[in-house]
Amino acid sequence: MCLAIPGKLIEISQDAHGVRMGKANFGGIVKQVCLEYTPEAIAGEYVLVHVGFALGRVDEEEAARTYKLLEEMHQLSELEAPDA
Amino acid sequence: MKYLDEYRDHALALRLVNELNRMVTRPWVLMEVCGGQTHTIVKYGIDHLLPSNIELVHGPGCPVCVTSLEMIDKAHAIARRPDVIFCSFGDMLRVPGSTTDLLVLKSRGADVRVVYSPIDSLKIARANPNKKVVFFAIGFETTAPGNAMAVWQAHKQGIRNYSVLVSHVLVPPAIASILQSPSNRVQGFLGPGHVCTIMGYREYEPISARFRVPIVITGFEPLDILEGILMTVRQLELGKWEVENQYPRVVKREGNLIAQDLVNKVFEVGDRKWRGVGSIPKSGYKLRYELRDHDAERIFEVDEIDIQEPAVCISGLVLRGVKKPHDCPAFGERCTPEHPLGATMVSAEGACAAYYAYGRHLQQHMRRKPGVDQRSAVT
C-alpha cells in the first residue's frame, strides 16, 4: 500500500484548475502524476510516485553513493575471502 | 528499471549476508515496520538467508490490514445507498467487514468503483453532480498527501458532492505502542522508507532515545532491506541506539515540507482504532472541522456504528511482532486469502497473506510432521 515506484518525468503541465501535473514513465508504462508536492522536479529527473502523486525526487547522487558503498563492500569482502 | 534493478543484485546481496555473518555475535530480534518490506523479505526469502540468530518479526505497517472492522462496516453502509458512488483503492474491495465485502456489494448493484488515485475519485464527482461521491481515504502518512489534495481541491473548487471516509493511521504511535507492551521482543526497527519520504524522521528520534532502540529508515528493495538489517545489527552489537537513514536517495531528515503543510491543513491527529490491535491514542488523522462538509462519517451519519471484533485469530499478536503467522493453528487451513479470518490475511501486504503467497503454509504442513527440519523443508 505504501509502495511508491520511481518513474522518469517526461512532461510537465498544468490542469484546468492550476494544479501542477505531469507524465512519468515507469519502465515503459506512462502515467499521469500530480507534481504539486515536487515543484522543483524537472523533466528527465526521476520522481517517486504513490497513488498518482510524486512524493519526492530520487536523488541521483545519493542513489549512486549508496550503490557504490554496497559495491565497495562487495570488493572488500572479495579481497578478504578470495575463495568465497 | 532504473533504481529498482540495481538494488536486486544477487551477488551483492550474498556479500551483505556474509558481512552480517561476520558481525553478529548474539541473537537479535528486528521488526520491519512496513507491509511492503515484509512482502520483499518473504518474496526474496531474505529471512532464510540471514544468520540463524537474527530473527525478523513483521510489523503493523499494512493500512488495509489495520483498517478497523467498524470502519469497513461504515464503508459498506455508505456504499449500499442508491445515491452514492463509492470509490476505493482496489485492495480494500475484498476486505471482509462483519457481514460482506465491497466486491459482493458491487455484484449486488452498488456503484463501487476502483480508483488508482484519489484524484480520479474527484473527477468522478465532477462528472456525476447528481450523485454523492465518497472516497475511502485509508493509508499511512505516505498516502495522506494524495488524499489531502483531493479534499483540498474539492473544497477550493466547491465540489459539494464529494466526501471522504477517513481511516488514516500513523506509524510513530504504533511503534511506541509496540515498545511499551510488556510482551515486546523487538530490539531494533527497519523504519518506514516511504512514510519518511513525506514526514522525515525527526519524530523517530525521541522514540529511539526513550526506548534505547535503533531505528534505521529503510527502503523496499532486497539490498535496501539487507543494508537496513546490517545497519541495525551494527548499532545493536555496538550497544548504540539512534535513527539512521539507509534510504537517502529519497528520504531527507525533514521530509517533504510542502506535503506536510497540506496534510496539516486538511487533517488533524486523533485517536484511531486498529484492526487486530484496538484503539491507540493519537494514532490517526481525521478531517479538520473546517472541512466537515466533506466528511462522509458526518454526512451519512454512520459514526454510531460500533463493532467489536471477534477474537478468532492471533493477528493482533502478529501485528505487534509477538507471534509469527505459522504460530496460528488456523493459518493456511481455516484462514486463507480467499477466506481470511483476520487483519494480517486480508491484504497481500499482511504478514499472513505474504507467508501464504510464497508457500510458507506448505512449510507449516512439513513442520507438523515429526522429524522434518523447518529450514531444510523450505530451502
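Everything numeric in this text was worked out from a predicted model, so none of it was measured. Starting afresh in each chain, residues are numbered from 1 along the sequence in its written order. Numbering of ligands from 1 and lettering of chains from A proceed in the order in which they are written. Thresholds applied to this predicted model are a pLDDT of at least 70 for local features of residues and 80 or more for the giving and counting of side-chain atom pairs; totals over whole chains, interfaces and linings are not thresholded and use all residues. Values reported for side chains reflect all heavy atoms of the structure, with hydrogen atoms and water molecules removed beforehand.

(A) Spatial organisation of the overall build of chain B. A helix here means a DSSP run of H or I that spans at least four residues, while a strand means a run of E at least two residues long, and both kinds are numbered starting from the N terminus. Along chain B, the regular secondary structure elements total 19 helices and 11 strands. Only C-alpha atoms enter the radius of gyration; for comparison, a globular chain is expected to reach 2.2 Å times N to the power 0.38, where N is the number of residues. On C-alpha atoms alone, chain B measures out to a radius of gyration of 21 Å, which is about the 21 Å that the 2.2 N^0.38 rule sets for 379 residues. Dimensions of chain B, computed from C-alpha atoms along their principal axes, come out at roughly 65 × 45 × 45 Å. Contact criterion: two residues are considered in contact whenever any of their non-hydrogen atoms come within 4.5 Å of each other. Pairs at least 24 residues apart make up 78% of the contacts formed inside chain B by residues separated by at least 6 positions.

(B) Summary view of the sheet that holds strand 9 (residues 243–245) of chain B. Residue and element names in this part refer to chain B. The five strands lie next to each other as 2-1-7-8-9, forming an open sheet whose pairing is parallel. Edge positions in the open sheet fall to strand 2 (54–61) and strand 9, since each of these has one partner strand only. If you compare each strand with its neighbour and ignore which way they point, the axes differ by 25° on average. Whether two strands pair comes down to DSSP finding at least two bridges between them. The pairing of strand 1 (residues 28–34) with strand 7 (residues 188–192) spans three bridges and is classified as parallel. The residue bridging Glu32 from the neighbouring strand is Leu190, located in strand 7. Note on geometry: axes are lines fitted to C-alpha atoms, helical ones only across the stretch in contact, with angles between N-to-C directions running from 0 to 180 degrees.

(C) Examining helix 13 (residues 257–266) of chain B more closely. Residue and element names in this part refer to chain B. Only protein chains enter the calculation, and the probe is 1.4 Å; a residue is then buried if its accessible area is under 20% of its type maximum, exposed if over 50%, and partly exposed in between. Along helix 13, the residues classified as buried are Ala259, Gln260, Leu262, Val263 and Val266. Around the axis of helix 13, the buried residues are gathered within 165° of arc, so they sit on the same side. Each element contacted by the buried residues of helix 13 is listed here: helix 8 (144–157), helix 10 (193–199), strand 10 (267–274) and strand 11 (278–287). Two or three places before Ile258, at the opening of helix 13, Asn256 has a side-chain oxygen 3.2 Å from that residue's backbone nitrogen. Picture the helix axis, draw a direction to every C-beta atom, and the arc is the one those directions span. Each polar contact in these results corresponds to two N or O atoms within 3.5 Å; when the atoms are within protein, one needs to be able to donate a hydrogen and the other to accept it, and residues that are neighboring in sequence are counted only if both atoms are side-chain atoms.

(D) Region of the structure containing the state of the cysteines. Residue and element names in this part refer to chain B. Only a pair of cysteine sulfur atoms within 2.5 Å counts as a disulfide in this structure description. According to the stated counting rule, one finds one disulfide over all chains in the structure shown. Through a disulfide, Cys62 is tied to Cys65; the S-S separation comes to 2.5 Å. Disulfide Cys62 to Cys65: torsion about the S-S bond roughly 75°, handedness right-handed. Cys62 gets classed as buried once you look at its relative accessible area, which sits at 3%. Not part of a disulfide, Cys352 finds its nearest cysteine sulfur in Cys335, a span of 6.3 Å. Overall, the relative accessible area of 9% leaves Cys352 in the buried class.

(E) Expanded view of the pattern of salt bridges. Residue and element names in this part refer to chain B. Here, a salt bridge means any side-chain nitrogen of Lys or Arg that lies within 4 Å of a carboxyl oxygen of Asp or Glu. Overall, the coordinates contain 20 salt bridges over all chains when judged by the stated rule. Residue Glu19 is joined to Arg22 by a salt bridge in which the shortest nitrogen-to-oxygen separation is 3.3 Å. In this pair, Glu19 and Arg22 both sit in helix 1 (residues 10–23), three residues apart, roughly one turn of the helix. For Arg22, a relative accessible area of 46% gives the class partly exposed. Through salt bridges with shared partners, a single network forms among Glu55, Arg185 and Lys324.

(F) Layout of the packing of aromatic side chains. Only the six-membered ring of Trp is used, alongside the rings of Phe and Tyr, when aromatic pairs are assigned; centres must lie within 6.5 Å, and planes under 30 degrees apart are stacked while those over 60 apart are edge-to-face, with the rest tilted. On inspection of all chains with the given rule, the structure shows seven aromatic pairs over all chains. Plain terms: the ring middles of Tyr46 of chain A and Tyr3 of chain B are 5.0 Å apart, the flat faces sit at 85° to each other, and that makes the pair edge-to-face. Of this pair, Tyr46 of chain A sits in strand 4 (residues 46–50) while Tyr3 of chain B sits in the segment before helix 1, on two different chains. Classification of Tyr3 of chain B as buried rests on a relative accessible area of 4%.

(G) Fine view of unusual backbone geometry. Residues and elements named next belong to chain B. Not every positive phi belongs to a glycine, and Arg212 is a case in point at roughly 55°. Within the secondary structure, Arg212 sits in the loop between helix 11 (205–211) and strand 8 (215–218). For Glu301, which is not a glycine, the phi torsion comes out positive at approximately 50°. On the secondary structure map, Glu301 appears in the loop between helix 14 (296–299) and helix 15 (315–319).

(H) Spatial organisation of the side chain of Thr40 of chain B. Residues and elements named next belong to chain B. Turning to its location among the elements, Thr40 is positioned in helix 2 (residues 35–43). Here Thr40 falls in the buried class, since its relative accessible area comes to 8%. Those residues within four positions of Thr40 in sequence are excluded, and the remaining contacts are Gly45, Ile46, Phe220, Glu221, Pro222 and Ile225.

(I) Spotlight on helix 5 (residues 69–79) of chain B. Where burial is concerned, most of helix 5 of chain B is hidden: 10 out of the 11 residues are buried. Those residues of helix 5 of chain B that fall on the buried side of the exposure criterion are Leu69, Glu70, Met71, Ile72, Asp73, Lys74, Ala75, His76, Ile78 and Ala79 of chain B.

(J) Region of the structure containing the confidence of the model for chain B. Residues and elements named next belong to chain B. In the predicted model, chain B carries a mean pLDDT of 91, and the fraction of residues at 70 or more is 95%. Residue-level confidence of the predictor is summarised by pLDDT, bounded by 0 at the bottom and 100 at the top. Predicted confidence is poor over residues 370–379, with pLDDT under 50, and the contacts of this stretch with residues over four places away or in other chains come to 12 contacts. Overall fold confidence for the complex sits at a pTM of 0.90, while the interface term, ipTM, reaches 0.89.

(K) Spatial organisation of the interface of chain B and chain A. Facing the 51 residues of chain B at the interface are 39 residues of chain A. Surface buried jointly by chain B and chain A totals about 4,100 Å² across both partners, of which 67% is contributed by carbon and sulfur atoms. It is Tyr3, Arg15 and Tyr116 of chain B that lose the most area in chain B upon contact with chain A, and together they represent 18% of the buried surface on that side. Counting across the interface, chain B meets chain A through two salt bridges. A salt bridge links Lys2 of chain B to Glu60 of chain A; its shortest N-O distance comes to 3.3 Å. Our count for the chain B to chain A interface comes out at 14 residue pairs in polar contact (both at pLDDT 80 or more). Of all the secondary-structure elements, those providing two or more residues to the side of chain B that touches chain A are helix 1, helix 4 (63–66), helix 7 (118–127), helix 8, helix 10, helix 12 (222–238) and helix 13 of chain B. With six residues, the single largest contributor to the side of chain B that touches chain A is helix 1 of chain B. We call Asp, Glu, Lys and Arg charged. Ala, Val, Leu, Ile, Met, Phe, Trp, Tyr, Cys and Pro are nonpolar, and the rest, Gly among them, are polar. The class makeup of the residues in the side of chain B that touches chain A is 28 nonpolar, 10 polar and 13 charged. Two parts placed together each lose some accessible area under a 1.4 Å probe, and adding up what both lose gives the buried area.

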